[in-house]
Amino acid sequence: MDGKYLLKRLASFFIFLWAALTITFILVHLMPGDPAYMLAHQYMQNYGISFEDAYQMAKASLSWDPTKPLWVRYIEYFGNLVRGNLGTSILYEQSVNQIIAKSIPWTIFVASISLLLSFMFGVYLGSNAAWRRGSKVDSAVFFSGIVLSSFPSFIVAILLVIFLGVKFGIIPIGGAYSEDLVPGFNLRFITDVLYHAIGPIIALSVERLAGYMLGMRNNAVSIIQEDFVNFAAMRGLKDSTIAKKYVRRPALLPLITSLAISLGFMFGGATLAESVFRYPGIGYQYAQALGTRDYPLIMGIFTVIITAVLLATLVVELVYPLIDPRVREK
Amino acid sequence: MKNRIYSLLAICLVAFLVLGAGCVSKPTPTTTTTTTVITKTVSGTPITTTKVITETITPTPTKPKIGEFRIAGGWPFPYHGNPFLPGSVGVAFWLSFEPFAYYVPASGEWIPRLAESWKVEGNTMIVKLRADAKWSDGKDITADDIITAVTFEQAINKRWLYIEKVEKIDDKTVKFVSSEAITIPRMIELLTRPEVSRVPKHIYGQWLPKAEELAKINREIYSYTSKGEEAPKELTDKSANLLSELKESLQKFKPWEENKFVASGAFVPKTVRQDVMVFEVNPHYWAKDKMNIQKVTVYRWSSNDAVWAMLMAGKIDASHPATPKDLTDQIMKLNPNIKLVTPSDLGDFALVFNFREPLFQDINLRKAIAYALDRKKIRDVAYWAAAAEDVYAHNVIKTYESKWLSSEFLNKLTKYPYNPEKAAEILESAGYTKGADGFWRTPDGKIVEFTVAVRSDYSDWVIAAKEITQQLKSFGFKVETELMPGQVYGGRLRGGEFDTAIEFGAAWWGTGDPVTGYDRIFGEQGYIRKVTAFPADKSFDTPWGALVPQQLVRQLALETDPQKRKELVEKLAYISNEYLPLVPFLEKRIMIFYNDGGTVTGWPSQDDPLWSLCPGGIERFYVYLITTGQLKPAG
């Protein structure tokens, strides 16, 4: 990898980042809705007051000025962004950086474990199914992949809560840790956090597992039919060697790109699954921000997601030549 | 080989998680060692002894600890605790702050809380605070605190601007002087809102001078707007500038973070997390000695699914999610201690008409629509726990019908049962015709074509709108459902951009009194009147002569004699029923699930009027039961 390649990649990273953030900024601010109106509905229901009073109360509590031109907001947003400041939330009157910093560790914790598990199991099951294509194992993997891919994570989350949580009492039905625990680096707290994370991890893993499993199987099946694989078999190489070096590795390459993108999107949380488990991740903040039209918070979360996706893609592009000799030679 | 090792590692990780689940889910005895140092003085010599107390605690995850009550709710997070910041104080509103009194709409009973007595005379109301009322930091709640709270409310939220001044008679007595007579709804509002005791002067005093200045300007503006005049621009500009100055400084204050959250009510927040909020008893609360519940745990109401799961698992003791019938049965089957009560939510769902359009100015068409709707069926499909408003359209909420309207009066009103034949008959006699295509046409030959607008984020409204569309289509109107995003719904309706729409009709929120509902429908500033543009300022023929609904609403607000109030309600009910500004189709009920006997006990019987305290502040009902000692841990 030479310096020119690196510079080219970095330049395209920043161009894409600016373009994606600009488009997102415009789209987010074009969404219909008034933050005061959304907040007023909350007040009306919770405090038993008329809509007029609730709207007045909401308007008074917000520092949002709807008359400020979009271009002024745009300059403010990018001006703050270059200083590492994501702005101030309309809903909480707090720094968006702080809000995200409080929620994102929980999301990264469950999302990264689930991503790792689903990727490992998906690759393992998919490649085995491809190697034994036509067998019962292959049919089972294929069928279960089709079934699982049609289950969104929040449906799995509901099923887990009802069966494993309510009926059998194996997993907790919500929260990040028991309410009587004080956070600390001790075994009781760590096991409690892990215990509470089981439901969200399984729910998120199931959704992703099918994608990796079917993707790996399909990639591997097409590679098995390549001449170089037949040639390797004719050379008398062991099946395990062919499966590992000639099939699995090239079949894995497209999945690595998909994994990188998933790593980026992981920062957006899983809004519905987090809601079902009352998990204090970024997904909850995202849903709240969207529902109340908290534009700075929505943009803050999008900024984190877009940056993470692009960074992950950049890393893949930089690492790809090391994994794939064909790219290196090119 | 390596692959097998990776697989083994993955399996180990999953096994660890599952094992972790198994280990932690079962109640495990925990040994807690507490070391207490005791210093005693024996014959003038201090002697220090160390006493080691070892106690074993067995956690019980599904049963609350003694004296705990668990519900679901919402609050802004990160938590600030400032009532003037967005999101306000969340679920702490009713748990931590106390109104002068509670008003029970179903019985008309007043329950003194922060106030021990009050007296209304014309334009004044004198309120005597209870002598033992204290803030959670131990300071007395005084007349000065009430004056501060009203000033902030007038300044920031522009509410209660009809109050010209609040005078301190003595430390525990305040006098409200109003620019107009203190009407029944205003009396209910002033006495039953906890906003009067959430701004302690010793905490918020630094902003009081600015708030007083702003409140004065806002009252001046109100003196113009209440007469229907426009306030001078200098005044409104000055108000806006002062408000932004006050907000800039006040909104930096985060009482929770600065350890300055002071409560006037029964509970004070102890822990605030994104997923759970824990309250403990206010150590200076006047009724603390009666309370059997010392802790309230509120789990985040992140979604109805989460709340249903918590009810099934017995993780919460009460909650009120709108729940489908089959799921309700499932909850009660899985947790036999759960009971369901459905008091009125003090509001009904209605089909409202846009009177700006000539089509809906025809009473015959509105009557035909009322007859063509099978309102019971709409109730069944949209909100099974509701009460169908399937006979009248008088806009007195069904639950309170017999309280306000005699059966003799009801018999005189036109009844609108589901009767498509009658609807057709009315249209035909008014010159409408039904074409070969099956559509009704107006007397001037146009197809009767309109939309039913509905906000897309209220699933029960959407179901109702689709059912209404279907029924009206079957009858022969060309109708479509028009989904509108919640964020723009109110704005578009107020701007008249609709034909018919689903809305809350007669909502008695905040007061539980019919005047609130009629003010909403006929009042000059009423939301539904603004939406429908119904000519409520014109006179309508009635058996009592020509009457103007807007004037009747005003009289009802000022009238205090119960018999005269009933007579006024009858007049407004007559105009509503016979001139159909809207067609109500169901009375919304709150579905309150509560655990009776499993974890807590002492709930009132299901027909107790106390349940009518729930709408618009269910936590206040819980607070009442807890602070009177009625609600207690089971077993």
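The structure presented is a predicted model; accordingly, all values stated were derived computationally and were not measured.

Okay, the overall build of chain B next. Helix and strand counts for chain B come out as 21 helices and 27 strands. Residues counted as buried form 49% of the 635 residues belonging to chain B. Look at the contacts in chain B between residues 6 or more apart in sequence, and 69% of them connect residues 24 or more apart.

Counting secondary structure elements, chain A contains 14 helices and zero strands. Listed by position from the N terminus, the elements making up chain A come as α-α-α-α-α-α-α-α-α-α-α-α-α-α. With the principal axes as the frame, chain A shows a C-alpha extent of 80 × 60 × 40 Å. A fraction of 71% describes how many contacts in chain A between residues 6 or more apart in sequence connect residues 24 or more apart.

Counting 280 residues, the largest nonpolar core has Ala157 of chain A together with Met310 and Val583 of chain B as its most contacted members. A per-element tally of this core places helix α8 (residues 187-224) of chain A first, with 15 residues. Excluding its chain neighbours within four sequence positions, the residues that come into contact with Ala157 of chain A are Gly199, Ala203, Ala273, Val276 and Phe277 of chain A.

Residues and elements named next belong to chain B. A one-sided burial pattern is seen for strand β9 (residues 173-178), the buried positions being Val174, Phe176 and Ser178 and the unburied ones Thr173, Lys175 and Val177. Note that strand β7 (residues 124-129) and β9 share five bridges and pair antiparallel. Its bridge partner being in β9, Val127 is matched across the sheet by Val174. Note: strand β8 (residues 163-170) against β9, six bridges, orientation antiparallel. Within β9, the position partnered with Lys168 by the bridge is Val174.

Residue and element names in this part refer to chain B. At a minimum axis separation of 9 Å, helix α11 (residues 375-382) and helix α15 (residues 459-475) run at an interaxial angle of 145 degrees. The handedness of the crossing between α11 and α15 is right-handed. In this structure, α11 contributes Lys377, Ile378, Val381 and Ala382 to the contact, and α15 contributes Asp460, Ile463, Ala464, Glu467 and Ile468. Looking at the contact of α11 with α15 residue by residue, the classes come out as six nonpolar, no polar and three charged.

Here the focus is helix α14 (residues 420-429) of chain B. Residues and elements named next belong to chain B. Where α14 is concerned, the buried positions are Ala423, Ile426 and Leu427. Mapping the buried residues of α14 onto a view down its axis gives an arc of 95 degrees, with all of them on the same face. Away from its buried face, by an angle of more than 90 degrees, α14 presents the exposed residues Glu421 and Ser429. Residues of α14 that are buried make contact with α10 (363-372), β18 (440-441) and α15. Positive phi shows up at Gly431, right after α14, with a value of about 95 degrees.

Along the chain, Ala60 of chain A turns up in helix α3 (residues 51-61). Overall, Ala60 of chain A belongs to the partly exposed group, with 18 C-beta atoms counted inside 10 Å. Spatially, the C-alpha atoms of Ala60 of chain A and Phe151 of chain A are 43 Å apart, while their sequence positions differ by 91 residues. Not counting residues up to four positions away in its chain, the partners in contact with Ala60 of chain A are Ile156, Asn157 and Leu243 of chain B.

Right, let's talk about the sheet that holds strand β12 (residues 295-300) of chain B for a bit. Residue and element names in this part refer to chain B. The mixed open sheet is built from four strands, whose spatial order is β3-β12-β11-β10. Each edge of the open sheet carries a strand with a single partner, namely β3 (68-73) and β10 (267-272). For this sheet, the mean inter-axis angle between neighbouring strands, taken without regard to orientation, is 25 degrees.

What follows concerns unusual backbone geometry. All names here are of chain B. Following Phe77, the chain continues to Pro78 via a peptide bond in cis, the omega torsion being 5 degrees. Note on placement: Pro78 falls in the loop between β3 and α2 (92-96). With a phi angle near 60 degrees, Asn259 is a residue other than glycine that sits in the positive phi range. Here Asn259 lies in the loop between α7 (233-250) and β10. What makes Asn259 exposed here is the crowd of 8 C-beta atoms within 10 Å. The residue Leu346 is not glycine, and still its phi comes out positive at about 60 degrees. Along the chain, Leu346 falls in strand β15 (residues 344-353).

Once that is clear, we can look at the sheet that holds β7 of chain B. Residues and elements named next belong to chain B. Across the sheet, four strands lie side by side as β6-β7-β9-β8; this open sheet has antiparallel pairing. Strand pairing shows two members of the sheet lacking a second neighbour, β6 (115-121) and β8, which therefore form its edges. The sheet shows a mean angle of 15 degrees between the axes of neighbouring strands, direction not considered. Seen against the sheet, helix α3 (residues 143-156) touches β8 and β9 and runs at an angle of roughly 170 degrees to β8.

Of the residues lining the interface, 58 residues belong to chain A; the matching set on chain B comes to 54 residues. Residues belonging to the side of chain A that touches chain B are distributed by class as follows: 33 nonpolar, 16 polar and nine charged.

Residue and element names in this part refer to chain A. It is the contact of helix α5 (residues 96-131) with α8, at a shortest axis distance of 6 Å, that shows an interaxial angle of 30 degrees. Put simply, α5 runs roughly parallel to α8. The crossing of α5 and α8 is right-handed. Partitioned by chemical class, the residues of the contact of α5 with α8 number 24 nonpolar, seven polar and two charged.

With that settled, consider the environment of Ser107 of chain B. Residue and element names in this part refer to chain B. Of note, Ser107 is situated in the loop between β4 (101-104) and β5 (109-112). The exposed category is assigned to Ser107, around which 12 C-beta atoms lie within 10 Å. Considering only alpha carbons, one finds Ser107 and Trp509, 402 residues apart in sequence, at a separation of 16 Å.

Residue and element names in this part refer to chain A. Summarising the element assignment, His196 is placed in helix α8. Accessibility expressed as a C-beta count within 10 Å gives 27 for His196, which makes it buried. C-alpha of His196 to C-alpha of Ala210: the two residues are 14 residues apart in sequence and 24 Å apart in space.

All names here are of chain B. Of the residues in chain B, 90% have a pLDDT of 70 or more, and the chain-wide mean is 88. The secondary structure element of chain B with the lowest average pLDDT is strand β1 (residues 30-42), at 38, and the one with the highest is α10, at 97. In the predicted structure, residues 15-62 sits below a pLDDT of 50 and forms 48 contacts with residues beyond four places in sequence or in another chain.

Before going further, it helps to spend a moment on the pairing of β6 of chain B. Across a regular strand the side chains alternate sides, sitting on one face of the sheet and then on the other. Residue and element names in this part refer to chain B. Pairing of β6 with β7, which is carried by six bridges, proceeds in the antiparallel orientation. In the strand pairing of β7, Ser117 is matched with Lys128. What sits between β6 and β7 in their antiparallel hairpin is a turn of two residues, with Gly122 showing a positive phi close to 55 degrees.

Cut-offs applied
- Residues numbered from 1 in each chain as written.
- Chains lettered and ligands numbered in written order.
- Predicted model: local features only at pLDDT ≥ 70, side-chain atom pairs only at ≥ 80, totals over all residues.
- Helix = DSSP H or I, 4+ residues; strand = E, 2+ residues; numbered from the N terminus.
- Buried ≥ 20, exposed ≤ 12 C-beta atoms within 10 Å, placed from the backbone.
- Contact = placed C-beta atoms within 7 Å.
- Core = buried A, V, L, I, M, F, W, Y, C linked by C-beta atoms within 7 Å.
- Pairing = 2+ DSSP bridges.
- Axes fitted to C-alpha atoms, helices over the stretch in contact; angles between N-to-C directions.
- Left-handed = near helix turned anticlockwise from the far one by under 90°.
- Nonpolar A, V, L, I, M, F, W, Y, C, P; charged D, E, K, R; others polar.
- Arc of directions from axis to C-beta.
- Parallel < 35°, antiparallel > 145°, perpendicular 65-115°, else oblique.
- pLDDT = per-residue confidence, 0-100.

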